[in-house]
Amino acid sequence: MTEDVRGLLAEACGLYRDSPRAAASLHEALNHLDEPLRVGITGAAGTGKSTLAAALGETRSLRDLTLADDPAASVPTDAAVRLLRHLEPDELASAHPAARSAFARQTAVDTVLVLARADETGAGRIDALLTAKQLARRAWREDPLCSGAQGVIAVAAQLAYGARAFTDDEFELLAAFAAVPREELERYLLSVDAFTDPAFPGPVSVDTRRSLVSRFGLFGVKLALTLIRTGSDSRVKLSTELVRRSGLGELRDTVAGCFAARAEALKARTAVVRLEAVLQNEPRPGSDRLEARVERFAATAHDFTELRLIADIRGGRTALSGEPADEAVRLLGAQGTTPEERLGLDFETDPREVYAAGADAVLRWRHEAERQDRPPAERAAAHVVVRSAEGVLALFA
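Residues numbered from 1 in each chain as written. Predicted model: local features only at pLDDT ≥ 70, side-chain atom pairs only at ≥ 80, totals over all residues. Heavy atoms only, no water.

Per an unreviewed UniProt entry, the protein is named GTPase, and its organism is Amycolatopsis carbonis.

Pasting the structure below:
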């Protein structure tokens, strides 16, 4: 795909060499094909963009992409993590700027929505994260404005960032708090002011307690105390559990599987969208030939079809569920796009076994695609899976 787009842009550069503005835009798009994938962390002020960017930036599986914290409109990005305070219609609508071209709309599979500051849901009760995850899941399944998003994920970024860098001193401090009788500590956990009250039991200074709240939030402190009391009896255990509950892991896996693994396709999309803008703004003899090539590119770009179907299956917008749904999203490349990852095999698997597993997948999903007792939409989805599985076999040709 990248080489096709590179050739398309090279031809366009020749056609527009006498237009400095268009030529600069096309050369920038061409150069970006050799740069890392650029993912923008966007959202309204106060949603925690910088904190989330910092937490994700320390994730090994995302080391090959560039996270742009609140990029300016003039800075093109290939994909976006869009932070929302609420999942209200006006906020969801703002997360989907109107695409200017049919190609951009058809391939608009470049966004993950995040219900930010999930720890503040329901006034920060101890079940705040669970409630936020339920709200996010429901919105993804039921709200048409979430259609096409690669995920709607509730994340407590401050908690995630603090937990990833947990120190031994902080764990010992929280463990000491957890040892105080619950009824004695309860009223000091009602607010930040109460937690930093000089009357707080024990010798820990106000500044130290204020630092804890600043790092983890009051919700994070309360959750940490609950987890320590219920078995997270080491720094590593507590850190792991806090990060897991924060939603950061789910977001990281989604960005890695849907964006990082599709870096070449998403950068190619950015380049084609840029080319389309040039063709629309400066039509001239010969540009119609490039427009036709863009249309052919859109029609054959299977990566974007896969991403849209992954979003539909995970969002509950298809009839697939259970094991068939899990296998379908894996074959579509949601967990990685190598043959082994698509087929759920170890990387050391003998190539003959990989081929045999691929051939088996093609046969089974071709059967599903041809079943006349299935609704047309379900058969169409199965056809997409068949093409993905056939793509695996093609690598062995």
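Caption draft 1: Just the side chain of Gln150, in detail. The topology assignment puts Gln150 in the loop between helix 6 (128–142) and strand 5 (152–154). The buried category is assigned to Gln150, whose relative accessible area is 1%. Looking at Gln150, its side chain comes within polar contact range of the main-chain oxygen of Leu307, at 3.1 Å. In contact with Gln150, other than residues within four places in its own chain, are Val109, Thr111, Val112, Trp140, Thr254, Cys258, Phe259, Leu307, Arg308, Ile310 and Ala311. (Helix = DSSP H or I, 4+ residues; strand = E, 2+ residues; numbered from the N terminus. Buried < 20%, exposed > 50% of the residue type's maximum accessible area, 1.4 Å probe, protein only. Polar contact = N/O pair within 3.5 Å; in protein donor to acceptor, adjacent residues only side chain to side chain. Contact = heavy atoms within 4.5 Å.)

Caption draft 2: How the structure looks around a nonpolar patch on the surface. Nonpolar side chains collect at one region of the surface, where Tyr355, Leu395 and Phe396 lie side by side and expose about 310 Å² of accessible area between them. Among the structural elements, Phe396 can be located in the segment after helix 20 (376–394). A residue is classified by how much of its surface remains accessible, and Phe396, at 33% relative accessible area, is partly exposed. (Patch = residues over 30% accessible without salt bridge, like charges linked within 9 Å, V, L, I, M, F, W, Y side chains within 5 Å. Areas by Shrake-Rupley, 256 points an atom, 1.4 Å probe, with all protein chains shown as cover. Salt bridge = Lys/Arg side-chain N within 4 Å of Asp/Glu carboxyl O.)

Caption draft 3: Molecular detail of the pairing of strand 1 (residues 37–43). Strand 1 sits mainly inside the fold: seven of its seven residues count as buried. Covered by surrounding structure in strand 1 are Leu37, Val39, Ile41 and Gly43 together with Arg38, Gly40 and Thr42, the residues of both alternating faces. Crossover handedness for the path strand 1 to helix 3 (residues 49–57) to strand 2 (residues 65–69): right-handed. In this sheet, strand 3 (residues 79–84) lies alongside strand 1 in parallel orientation, the contact comprising five bridges. Its bridge partner lying in strand 3, Gly40 is registered against Ala80. (Right-handed = clockwise from strand over helix to strand, strands pointing away. Pairing = 2+ DSSP bridges.)

Caption draft 4: Layout of helix 6. In this model, helix 6 (15 residues) spans 21 Å end to end at C-alpha, consistent with the 21 Å of a helix rising 1.5 Å per residue. For helix 6, the complete set of buried residues consists of Ala128, Leu129, Ala132, Ala136, Ala139 and Trp140. Mapping the buried residues of helix 6 onto a view down its axis gives an arc of 100°, with all of them on the same face. Exposed side chains of helix 6 directed beyond 90 degrees from the buried face belong to Leu130 and Glu142. Contacts made by the buried residues of helix 6 are with strand 4 (111–115), strand 5, helix 7 (157–164), helix 11 (206–229), helix 12 (235–246) and helix 16 (302–314). (Expected span 1.5 Å × (residues − 1). Arc of directions from axis to C-beta.)

Caption draft 5: Layout of the nonpolar core. In terms of nonpolar packing, the biggest core is built from 125 residues, with Leu174, Phe177 and Leu251 touching the most fellow members. Ranked by the residues each element gives to this core, the list is headed by helix 11, at eleven residues. In contact with Leu174, not counting residues within four places along its chain, are Phe166, Leu212, Val221, Ala224, Leu225, Ile228 and Leu238. (Core = buried A, V, L, I, M, F, W, Y, C linked by side-chain atoms within 4.5 Å.)

Caption draft 6: Structural context of helix 17 (residues 322–331). Where helix 17 is concerned, the buried positions are Ala325, Glu327, Ala328, Val329 and Leu331. Looking at the buried positions of helix 17, the neighbouring elements they touch are helix 16, helix 18 (339–343), helix 19 (351–370) and helix 20. In the segment just after helix 17, Gly333 is the residue with positive phi, at about 100°.

Caption draft 7: Inspection of the sheet that holds strand 4 at higher detail. Pairing in this open sheet of five strands is parallel, and the strands run 2-1-3-4-5 from one edge to the other. Only two strands of the sheet have a single neighbouring strand rather than two, namely strand 2 and strand 5. The mean angle between the axes of side-by-side strands here comes to 25°, regardless of whether they run parallel or antiparallel. Sheet topology note: the strand 1/strand 2 ladder contains five bridges and is parallel. (Axes fitted to C-alpha atoms, helices over the stretch in contact; angles between N-to-C directions.)

Caption draft 8: Molecular detail of the environment of Ile313. Within the element layout of this structure, Ile313 appears in helix 16. Sequence separation of Ile313 and Arg141 is 172 residues, and the distance between their C-alpha atoms is 9.6 Å. When near neighbours in sequence (up to four residues on either side) are disregarded, Ile313 contacts Thr318, Leu320, Ala325, Ala328, Val329 and Leu332.

Caption draft 9: Layout of the environment of Ala224. Here Ala224 shows up in helix 11. Along the backbone, Ala224 and Ala102 are 122 residues apart, and their C-alpha atoms lie at a distance of 49 Å.

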